[in-house]
Structures are given as structure tokens and as C-alpha cells.
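Summary of structural features
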Amino acid sequence: MARSQFADCPPFYARYVDLAPEDDVLSAMQVQADVTRQAILGYADRPSFRYAPGKWSVRQVVGHMADTERLFGFRALWFARADPAPLPGMEQDGWMAASDFDAVNLEEVLAGFQAARASNLLLLRQLTPDAWSRRGVASGHSFSVRALAHILLGHERAHLQVLAERYP
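Report on the accompanying structure. (Residues numbered from 1 in each chain as written. Predicted model: local features only at pLDDT ≥ 70, side-chain atom pairs only at ≥ 80, totals over all residues. Heavy atoms only, no water.)

Considering the packing of helix α5 (residues 106-125) against helix α7 (residues 145-166)
- Taken N-terminus to C-terminus, the directions of α5 and α7 make an angle of 155°; their axes are 12 Å apart at the nearest point. On the basis of the axis angle, α5 is roughly antiparallel to α7. Judged by the sense of rotation from one axis to the other, the crossing of α5 with α7 is left-handed. Here Phe113, Arg117, Asn120 and Leu124 of α5 lie close against α7, whose contacting residues are Val145, Ala149, Leu152, Leu153 and Glu156.
- Across the contact of α5 with α7, the residue classes tally to six nonpolar, one polar and two charged. (Axes fitted to C-alpha atoms, helices over the stretch in contact; angles between N-to-C directions. Helix = DSSP H or I, 4+ residues; strand = E, 2+ residues; numbered from the N terminus. Parallel < 35°, antiparallel > 145°, perpendicular 65-115°, else oblique. Left-handed = near helix turned anticlockwise from the far one by under 90°. Contact = heavy atoms within 4.5 Å. Nonpolar A, V, L, I, M, F, W, Y, C, P; charged D, E, K, R; others polar.)

Next comes the structure, spelled out in C-alpha cells:
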């Protein structure tokens, strides 16, 4: 499976694709699991920390990662199965306002992310070569299944960078 090209997704998502340069995105996603778990558990003593007023807590960042993993995994499934119906977008701030991640133990929020990632890996490993190049529309933009896999990995890495840089 060749690395996703920026033409496989809207320009906004190119930053996530850029953070996932591996040709073997599935192996990279598998390896990343331990890195992510260790990074998140490093905040176990301060899961409610916010680096500034109005910013998300550590638990909320991880909850957002889990929501996004589920959503983009669903998009990959939808497009891989060649369903022509377009999918709606996600307004992350609205989703966060409707969630209550700060009332959930950090390890449980992390477990939700890990379960979604494991499920997505199982799905992606079972796709045929043709399914990887199938496209669909979400949020009014065209994506390939291949691009979605790279976005999943890059999104995870982007939020780990934010945590490392802004959540000392």
C-alpha cells in the first residue's frame, strides 16, 4: 500500500498525512499503541490539567482522540464498502461540549481510544487492495480509504505532540 498522497484528502488533513510518512501505515499504527499508552499514562496524576483557560483537559484530549478514531474508522469502513452516500462532518467543539470526559477515569478514556484503534486495525488489515483506493465524501470533501488510515495515525501523533509541548 503506497503512502497516501495529499490529493487523497482535503488540504486541511495534509498536516496529519505529513505526520504519517510510513508506507506500512498498519505496522506504524500497531507500534504507536505502546507509545501512546505510555505518553497518556504520564498524565495519570493530573488528568484534569489544562494549559490555559478554555483549553481541553488531558482527559478531553484523549476523549477527542477516541471520538476521532471511531469516526474516521467508520468513514474508512463506509468508503471501503463502496457506499456512495456522503457522510456528515464533525464539529469537534460541539462534540466536546456534549461529552463529559472529565467525569471518566483517564485509563477508561484511554481504553476507549485503544479499543477503537484495535478495531480499526482489524478492519484495515482485512481490506482488499482495491478497497484501499476507494473514495467517499465526508464533510463535503473527498477522501480515499488509504488517506483515512494515514490521517488516523497522524492525528494521534499530532495530539501527542500537543500534549508534550503544552501539557508539561
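Structural notes on the nonpolar core
- Within the largest apolar cluster, 31 residues are counted, with the highest numbers of intra-cluster contacts made by Met29, Phe72, Leu124, Leu127, Phe143, Val145 and Ile151.
- The set of elements that each furnish at least two residues to this core consists of α1 (14-18), α2 (25-41), α3 (58-80), α5, α6 (129-133) and α7.
- For this core, the element with the most residues is α7, which contributes eight residues.
- If sequence neighbours within four positions are ignored, Phe72 has contacts with Tyr13, Phe143, Leu148, Ile151 and Leu152.
- Judged by nonpolar contacts, the second largest core, of 17 residues, contains Ile40, Met65, Phe101 and Phe113. (Core = buried A, V, L, I, M, F, W, Y, C linked by side-chain atoms within 4.5 Å. Buried < 20%, exposed > 50% of the residue type's maximum accessible area, 1.4 Å probe, protein only.)

Here we look at the pattern of salt bridges
- Evaluation of the coordinates by the stated rule reveals nine salt bridges.
- The closest approach of N and O atoms between Arg135 and Asp8, which form a salt bridge, is 3.3 Å. Within this pair, whereas Arg135 is found in strand β1 (residues 135-138), its partner Asp8 is found in the segment before α1, the two being separated by 127 residues in sequence.
- Judged by relative accessible area, Arg135 falls into the partly exposed class, the value being 39%. (Salt bridge = Lys/Arg side-chain N within 4 Å of Asp/Glu carboxyl O.)

Overview of the packing of aromatic side chains
- Using the criterion set out here, one finds nine aromatic pairs in the structure.
- For the ring pair Phe12 and Tyr13, a centre distance of 5.0 Å and an interplane angle of 90° mean the geometry is edge-to-face.
- Phe12 gets classed as exposed once you look at its relative accessible area, which sits at 51%.
- Summarising the aromatic geometry, the rings of Phe72 and Phe143 are spaced 6.3 Å apart at their centres and angled 85° between planes, so their arrangement reads as edge-to-face. You can see Phe72 sitting in helix α3 and its partner Phe143 sitting in strand β2 (residues 141-144), a full 71 residues away along the chain.
- Phe72 gets classed as buried once you look at its relative accessible area, which sits at 4%.
- By relative accessible area, Phe143 is classed as buried at 0%.
- Through a chain of ring-to-ring contacts, three or more aromatic side chains come together here, namely Phe12, Tyr13, Tyr16, Phe72 and Phe143. (Phe/Tyr/Trp six-rings, centres within 6.5 Å; stacked < 30°, edge-to-face > 60°.)

Quick look at the pairing of β2
- For β1 and β2, the ladder comprises four bridges, and the chain directions are antiparallel. Across the sheet, Ala138 pairs through a bridge with His141, a residue of β2.
- With antiparallel pairing between neighbouring strands as the criterion, β1 and β2 make up a hairpin whose turn holds two residues, including Ser139 at a positive phi of roughly 55°. (Pairing = 2+ DSSP bridges.)

Some remarks on α3
- Under the 1.5 Å per step criterion, the end-to-end length of α3 is 33 Å for 23 residues, consistent within 8% with the ideal 33 Å.
- With respect to burial, α3 is a largely interior element, 19 of its 23 residues being buried.
- Looking at the residues trailing α3, positive phi occurs at Ala82, about 60°. (Expected span 1.5 Å × (residues − 1).)

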